[in-house]
Amino acid sequence: MSERILKDIISGDDAKDLLLSGLKKASDVVSSTYGYRGRTVLIESDYGKAEPTKDGYDTLQSIFLENPVENIALEIAKEASEKTMKFSGDSTTNTVILLYAFFKNSVEDVKNGKSPIDVKREIEKSRDLILEHLDKISTPITDKLIYDVALTSANGDEEIAKIVSEAYIKAGADGSVSHARSNTDESYLEFIDGTLVESGYVEERFVNVFSDRTCVFDESPLVVCSTIEFKTQKQVIPFLNYSIANKRPLVIISDMAPPVREMVLRNVINPETKFPFCVVHCPGVGKKRLDFINDLACILGTQPITTLSGDDFEGREGDFIGECEKIVIGKSDTIITPIKNKYIQEIVDGKITEIKETIKTTKSQVEEKYLRERISKLVGGVSIIKVGSIIESELKEKVARVDDSVCAVRSAKEEGVLAGGGIALYDAVLKLNLDNVTKTTLSAPSKKLLENANVKISIDKSSEKPFGEYPIGYDVKNFCEVNMFDAGIVDSTKAIKHALINAVSASNTMLMTDAVLTNKRMV
């Protein structure tokens, strides 16, 4: 019989008070980083090294509380912020601020004699009204607003905002934007005009440009893409002969048995032949591999080799050979520059339209993200932001801000933007018939921004409008009342919606809790 762990039981108001205490501790620290006037948090690493950050998500993940009930509340807050991060990429600090305010105000309502289930239902009804209101006042993204979203999410860092907005504009409407650490102290944008394949050559002996260890073919190379493994030389030889007869380089994107791969390689390194061949790993597994190969075949103007294609290609190899303008193959990735062909472009556009229609019907966020990645590859054009800094600790904090900024813009491109500074949520307080708890809670983000800027303006559910009509709000950078869109202070609609959804869900979970069982600690 396995050893059983003894439990401590905390119930009733004692449990809720400790849960609230844990949330308050988390919120106080995390919210101190909020907004342009937010402060930096110094986090001690496992090795005693100081790591500065102004990222609320990183701060939250670094907190662990001694009291087990308080720590459970903290873990619930982490889970809520992780969900917001996963589905919108931004507003994790907003999530924590709203979560603490919702739970605090809900507990007060219950202590004043209201039923927890009634409070929960009223909040959920108000949440649905707010989400509908946010959709109505959301504004579609423009190139100017891309910069504004990036600037807001990067806590006013103009260098980051400029690089991020340039990255998205260069990549195009459906292009891909990512980031990586720079090899220098400088941050800069690297744009790849082509389709990025996250896989490289199978053998370094295929390299023909030794200065940067790549294999480059820029004379209209031929490309074969296959989901099946080439197990015999007989399967490959027709393609090699076709390449030789047409005097054009050949790239085979496929898994290949070692003896077959060695045969191809011998023809490359043999001084008497030196044929321009290269073999690239086929990325992905299962359905993802099949989707990738089918999409790539569209770009190359050919058809893929699958289990339905047979294994004897003699006399019909031309049916499975595509072409591109240029291909650059590295150790871990490949960049394909498609040829300019109207017929091929029509096929690619048709595939993109088909995937977009699938996105409209999917209910899975994970599936939607995957489908958008497929579109990015079909469109071509990849912006990679290289992040550099002199000090390692500063670099880590800068990478976090770039990541926030990139994710925020990606989210804004999907559902548009709202006036920032918490004004969109406060507008819902003024215009909608909401329950008492929600009315009191929605001003919390605006209050915290003003508090961090040491600005004394009264904002609560019963006050007169502190500012003019939406989108008028307060600019804590310049200490003045402004049109938030004109001032470039905007938030991603999707991020604000997910912050609200996850805060309400986590708060209601704790509100309905009457007892907490924790593992008994040994003193």
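What comes next is a walk through the structure. All figures in this text were calculated on a predicted structure; none of them were measured in a lab.

## Structural notes on the overall build of the protein chain
Working step 1: Helix and strand counts for the protein chain come out as 17 helices and 19 strands.
Working step 2: Taking the principal axes of the C-alpha coordinates as reference, the protein chain spans close to 90 × 70 × 45 Å.
Working step 3: By residue count, 52% of the 523 residues in the protein chain fall in the buried class.
Working step 4: Split by element, the accessible area of the protein chain, about 25100 Å² in all, is 50% carbon and sulfur.
Working step 5: Computing the positive centroid from 67 side-chain charges and the negative centroid from 81, the protein chain places the two 2 Å apart.

## Some points on the sheet that holds strand 13 (residues 334–337)
Working step 1: A sheet is described by the order of its strands in space; here four strands give the open sequence 6-13-12-7, paired in antiparallel fashion. This sheet does not close on itself; its edge strands, each paired only once, are strand 6 (195–197) and strand 7 (215–217). The mean angle between the axes of side-by-side strands here comes to 10°, regardless of whether they run parallel or antiparallel.

## Some remarks on the pattern of salt bridges
Working step 1: Per the counting criterion, the structure on display carries 33 salt bridges.
Working step 2: Put simply, Glu-132 and Lys-136 hold a salt bridge, and the shortest N to O gap is 3.8 Å. Linking Glu-132 with Lys-136, this pair stays in helix 5 (residues 116–137), spanning four residues, or about one helical turn.
Working step 3: Its salt-bridge partner being Glu-262, residue Arg-205 comes within 3.3 Å of it at the nearest N-O pair. You can see Arg-205 sitting in the loop between strand 6 and strand 7 and its partner Glu-262 sitting in helix 9 (residues 258–269), a full 57 residues away along the chain.
Working step 4: On the basis of relative accessibility, which here comes to 27%, the residue Glu-262 falls in the partly exposed class.
Working step 5: Taken together, the shared-partner salt bridges in this structure form one network comprising Lys-287, Asp-291, Asp-295 and Arg-374.

## Remarks on the layout of surface pockets
Working step 1: By volume, the largest pocket is sized at about 1500 Å³.
Working step 2: Looking at the lining of the largest pocket, the elements with two or more residues in it are helix 3 (68–88), strand 4 (176–181), strand 6, helix 10 (286–300), helix 11 (342–361), helix 12 (365–379) and helix 13 (392–415).
Working step 3: The biggest single contributor to the lining of the largest pocket is helix 12, with 11 residues.
Working step 4: Residue composition of the lining of the largest pocket, by class: 16 nonpolar, 10 polar and 20 charged.
Working step 5: Estimated volume of the second largest pocket: approximately 700 Å³.
Working step 6: Together, 38 residues line the second largest pocket, and Gly-35, Tyr-36, Thr-152, Ser-153 and Asn-155 are the ones closest to its centre.
Working step 7: Taken together, the residues of the lining of the second largest pocket break down into 15 nonpolar, 15 polar and eight charged.

## Regarding the packing of aromatic side chains
Working step 1: Under the criterion given, the structure shown has five aromatic pairs.
Working step 2: Seen in terms of ring centroids, Phe-230 and Phe-313 are 6.4 Å apart; in terms of plane orientation they differ by 90°. Their pairing is edge-to-face. Taken as a pair, Phe-230 in the loop between strand 8 (222–225) and helix 8 (233–246) and Phe-313 in the loop between helix 10 and strand 11 (322–323) lie far apart in primary sequence, 83 residues in all.
Working step 3: Assessed through its relative accessible area of 0%, Phe-230 is described here as buried.
Working step 4: The class of Phe-313 is buried, set by a relative accessible area of 0%.
Working step 5: Plain terms: the ring middles of Phe-239 and Phe-313 are 5.4 Å apart, the flat faces sit at 45° to each other, and that makes the pair tilted. Residue Phe-239 is found in helix 8, and its partner Phe-313 is found in the loop between helix 10 and strand 11; the two are separated by 74 residues along the sequence.
Working step 6: Judged by relative accessible area, Phe-239 falls into the buried class, the value being 0%.
Working step 7: We note Lys-78 situated over the ring of Phe-64; from NZ or CZ to the ring centre the distance is 3.9 Å.

Parameters at a glance
Residues numbered from 1 in each chain as written. Predicted model: local features only at pLDDT ≥ 70, side-chain atom pairs only at ≥ 80, totals over all residues. Heavy atoms only, no water. Helix = DSSP H or I, 4+ residues; strand = E, 2+ residues; numbered from the N terminus. Buried < 20%, exposed > 50% of the residue type's maximum accessible area, 1.4 Å probe, protein only. Areas by Shrake-Rupley, 256 points an atom, 1.4 Å probe, with all protein chains shown as cover. Lys, Arg positive; Asp, Glu negative; His and termini not counted. Charge placed at Lys NZ, Arg CZ, Asp CG, Glu CD. Pairing = 2+ DSSP bridges. Axes fitted to C-alpha atoms, helices over the stretch in contact; angles between N-to-C directions. Salt bridge = Lys/Arg side-chain N within 4 Å of Asp/Glu carboxyl O. 1 Å grid on protein atoms, 1.4 Å probe; cavity = no way out; pocket = protein on both sides within 12 Å on 5 of 7 lines; lining within 4 Å. Points joined across faces, edges and corners; volume = space filled by probe spheres on them. Nonpolar A, V, L, I, M, F, W, Y, C, P; charged D, E, K, R; others polar. Phe/Tyr/Trp six-rings, centres within 6.5 Å; stacked < 30°, edge-to-face > 60°. Lys NZ or Arg CZ within 6 Å of the ring centre and 35° of its normal.

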